[in-house]
Amino acid sequence: MKNYRSLKISYVNNIHNVSLVSNNFREVKQDEVLVKIKYSSLNYKDALSITGSTKIIKGDSLIPGLDFSGIVVESSTKKFSKGDKVLATGAGLGETINGGFSEYVYVPYNILVKIPNKLSLLSAMQIGTAGFTAAIAIDKMLLNKQKINSGPILISGATGGVGSIAINILDNLGFEVIAATRKNNSNNYLKKIGSHRVMFLDNNFNKKFLNHKLFAGSIDNVGGNLLDWIIKSTHDNGNIVSVGMASSYNLNTTIFPLIMRGVNILGVSSTNYPNSKRKFVWRKLSETYKPKKLNVINKKSIELTDIKKYSKILLSGKNTGKVIIKNF
């Protein structure tokens, strides 16, 4: 095989373009690894990049894709050997370095994680960036003393990748989980993956300074007015982890929940999460945090040529669960 295919985003004269391109193989540089990609996944941020809704790549051209799993083909470091099963999430993939929407990829060795024994190449990407984000959000809540007996946890954007996996992990850990969604046809899906209750939302959120205490905590994928309402509806000393902005990146709220109830607003970034700690999160995702409903959450498997179509579907809000890209 003399070349390999990739999906490439380019900006020429500030005009966004996506095309399937052929790349030549080259020598592996120092501290670099060549990986044969088997799976990737389509994330919300990927869809923004593919459709040109937001310029995610830093530069004029790049291969998108925030994550991948695959097999090492060639390595210039003793840390990885030919045949190793590896994964990578975030760490600049699809933003500052070439990402996972490709048949092969050259990457720095220090962003790779060897896939734990209890995960496969497929299950690693069924979890992917979304599951990694859910795991570090849950870690942050637990480190901040979130207790099972304190009350229910609300998950907004519940039918998306992060929301779905967060629901499943929290349910497995013994938490009562409330799924918040605008999709009226998603009740069965959300119950199947671990939601105890489903809350169907509209855009009519009240403007009170404080609401009744409804949740002990939340993982919010939406932002905007919904996050404001969640903050005002959280129990004393509850933890809210903000991980997304599917509705809006703006937040207009009051300080009353913070100074009268001690509500904690926490943030996580899966992209900038320290590389040295990633393997420990993936170990949890293969053991105590391992989602049990991956085959329910992974609703679709597509190919490189389908990514543009499904990016539009994802941004339209019509997708449920995770979309996997397979390369074989």
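This text goes with the structure placed above it.
Residues numbered from 1 in each chain as written. Predicted model: local features only at pLDDT ≥ 70, side-chain atom pairs only at ≥ 80, totals over all residues. Heavy atoms only, no water.

## Description of the pairing of strand β5 (residues 67-75)
Rules: A pair of strands is labelled paired if DSSP reports no fewer than 2 bridges between them. Secondary structure elements follow DSSP: runs of H or I no shorter than four residues count as helices, runs of E no shorter than two count as strands, and numbering proceeds from the N terminus.
Relative to β5, strand β3 (residues 32-42) runs antiparallel, the two being bridged by six bridges. Bridge assignment links Tyr 39 to a residue of β5, and that residue is Ser 69. Where β5 meets strand β6 (residues 85-89), five bridges bridge the pair, whose relative direction is antiparallel. Each residue of the ladder has a partner; that of Ile 71, found in β6, is Lys 85.

## So, the environment of Gly 317
Tracing the backbone shows Gly 317 in the loop between α9 (307-315) and β16 (322-326). For the pair Gly 317 and Val 35, spaced 282 residues apart in sequence, the C-alpha separation works out to 32 Å.

## Regarding empty space enclosed by the protein
Our working rule: Here a cavity means grid points, on a 1 Å grid over the protein atoms only, where a 1.4 Å probe fits yet cannot get out; a pocket means an open set of points with protein on both sides within 12 Å along at least five of seven lines; lining residues are those with an atom within 4 Å of a point. Grid points are joined across faces, edges and corners, and a volume is the space filled by probe spheres set on the points. Residue classes follow a fixed rule: Ala, Val, Leu, Ile, Met, Phe, Trp, Tyr, Cys and Pro count as nonpolar, while Asp, Glu, Lys and Arg count as charged, and any other residue, Gly among them, counts as polar.
All told, the structure shown has one cavity of 30 Å³ or more when counted by the stated rule. Forming the boundary of the largest cavity are Lys 45, Asp 46, Ser 49, Ile 56, Pro 64, Gly 65, Leu 66 and Gly 94. In terms of residue class, the lining of the largest cavity is made up of three nonpolar, three polar and two charged.

## Observations regarding the side chain of Thr 133
Basically, it comes down to this: We call two residues in contact whenever any of their non-hydrogen atoms come within 4.5 Å of each other.
Structurally, the position occupied by Thr 133 is in helix α2 (residues 121-143). Those residues within four positions of Thr 133 in sequence are excluded, and the remaining contacts are Val 162, Val 243 and Ser 270.

## With respect to α9
Keep this limit in mind: Only protein chains enter the area calculation, which uses a 1.4 Å probe; residues under 20% of their type maximum are buried, those over 50% are exposed, and those in between are partly exposed. Of all possible arcs, the one meant is that of the directions from the helix axis to the C-beta atoms.
Residues Ile 307, Tyr 310, Ser 311 and Leu 314 constitute the buried set of α9. Down the axis of α9, the smallest arc covering the buried residues is 110°, so these residues share one side. Every exposed residue of α9 that faces more than 90 degrees away from the buried side is listed here: Lys 309 and Lys 312. The elements touched by buried residues of α9 are β1 (3-12), β3, α1 (44-51), β15 (298-302) and β16. Positive phi appears at Gly 317, one or two residues downstream of α9, with a value of about 85°.

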